[in-house]
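Each chain, written out:
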Amino acid sequence: METAICGRIALSPNHVFNPKPGDKNSVCRGPCANRGFLMAISTTCSGKGGGLLEKPVIERTTTPGRESEFDLRKSKKMAPPYRVILHNDNYNKREYVVQVLMKVIPGMTLDNAVNIMQEAHYNGMAVVIICTQADAEEHCMQLRGNGLLSSIEPASGGC
């Protein structure tokens, strides 16, 4: 047996009973604001009680192979950060190192490039940037492609 709360009753797949307020089969008393909204309670036995309210199924519709912008940002934030390390060498002039850093690293300023070059010169190495692994690998390869010694390593902390 099925009954409806303030709405239609589905007696069979092809028949819908739509009680009026005040009908003896209607659960709705007085004016019904949710007219036409079907909310069925299916019972497993005859008589009073035993009713089960079925849980609605909510499906998330996304195109296969495409994540939302939120999912992409979330996965990028959760990717472990990596450091790009510049190593000192005895072959490249300081001015050239600064030029390469500014060319390869997006947003690199002259002041930052000079500071990184000096730190690598005096301490043997310097952190150039902390970013995702894929970006770190790309920056490292570009630095190497321009003749600078560089490496990457996992970083602790966020990007």
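Predicted model, so just to flag it, every value in this text is computed and none were measured. (Residues numbered from 1 in each chain as written. Predicted model: local features only at pLDDT ≥ 70, side-chain atom pairs only at ≥ 80, totals over all residues. Heavy atoms only, no water.)

1. Focus: the pattern of salt bridges
Close approach of charged atoms allows side chains of opposite charge to pair.
Part 1 of the reasoning: In this structure the tally under the stated criterion is one salt bridge.
Part 2 of the reasoning: A salt bridge links Arg83 to Glu153; the shortest N-O distance between them is 3.0 Å. Of the two residues, Arg83 is situated in strand β6 (residues 81-87) and Glu153 in strand β8 (residues 149-154); the sequence distance between them amounts to 70 residues.
Part 3 of the reasoning: On the accessibility criterion, Glu153 (35% relative accessible area) is partly exposed. (Salt bridge = Lys/Arg side-chain N within 4 Å of Asp/Glu carboxyl O. Helix = DSSP H or I, 4+ residues; strand = E, 2+ residues; numbered from the N terminus. Buried < 20%, exposed > 50% of the residue type's maximum accessible area, 1.4 Å probe, protein only.)

2. With respect to the packing of helix α2 (residues 94-104) against helix α4 (residues 133-145)
Packed helix pairs are specified by the crossing angle of their axes together with the interaxial distance, meaning the distance between the axes.
Part 1 of the reasoning: Interaxial distance between α2 and α4 falls to 10 Å at its minimum, and their mutual angle equals 145 degrees. Handedness of the α2/α4 crossing: right-handed. For the pair α2 and α4, the contacting residues are Val100, Leu101 and Val104 in the first and His139, Gln142 and Leu143 in the second.
Part 2 of the reasoning: Across the contact of α2 with α4, the residue classes break down as four nonpolar, two polar and no charged. (Axes fitted to C-alpha atoms, helices over the stretch in contact; angles between N-to-C directions. Left-handed = near helix turned anticlockwise from the far one by under 90°. Contact = heavy atoms within 4.5 Å. Nonpolar A, V, L, I, M, F, W, Y, C, P; charged D, E, K, R; others polar.)

3. Regarding α4
Spacing of three or four residues puts side chains on the same side of an α-helix, whose turn is 3.6 residues.
Part 1 of the reasoning: In this model α4 runs 18 Å from its N-terminal to its C-terminal C-alpha over 13 residues, within 8% of the 18 Å that 1.5 Å per residue would give.
Part 2 of the reasoning: Following α4 by one or two positions, Gly147 has its phi on the positive side, about 90 degrees. (Expected span 1.5 Å × (residues − 1).)

4. Topic: helix α3 (residues 110-123)
Part 1 of the reasoning: In a regular helix each residue adds 1.5 Å, so 14 residues correspond to 20 Å; α3 covers 20 Å between its end C-alpha atoms and thus fits that length.
Part 2 of the reasoning: Close packing links the buried residues of α3 with β6, α2 and β7 (125-132).
Part 3 of the reasoning: Looking at the residues trailing α3, positive phi occurs at Gly124, about 95 degrees.

5. Some remarks on the confidence of the model for the protein
Part 1 of the reasoning: Per-residue confidence for the protein gives a mean pLDDT of 75, with 52% of residues at or over 70.
Part 2 of the reasoning: Every residue in residues 1-11 scores below 50 in pLDDT, and together they form 42 contacts with partners more than four places removed in sequence or on other chains.
Part 3 of the reasoning: This model gives residues 35-45 a pLDDT under 50, and the stretch forms 34 contacts once residues within four places in sequence are excluded. (pLDDT = per-residue confidence, 0-100.)

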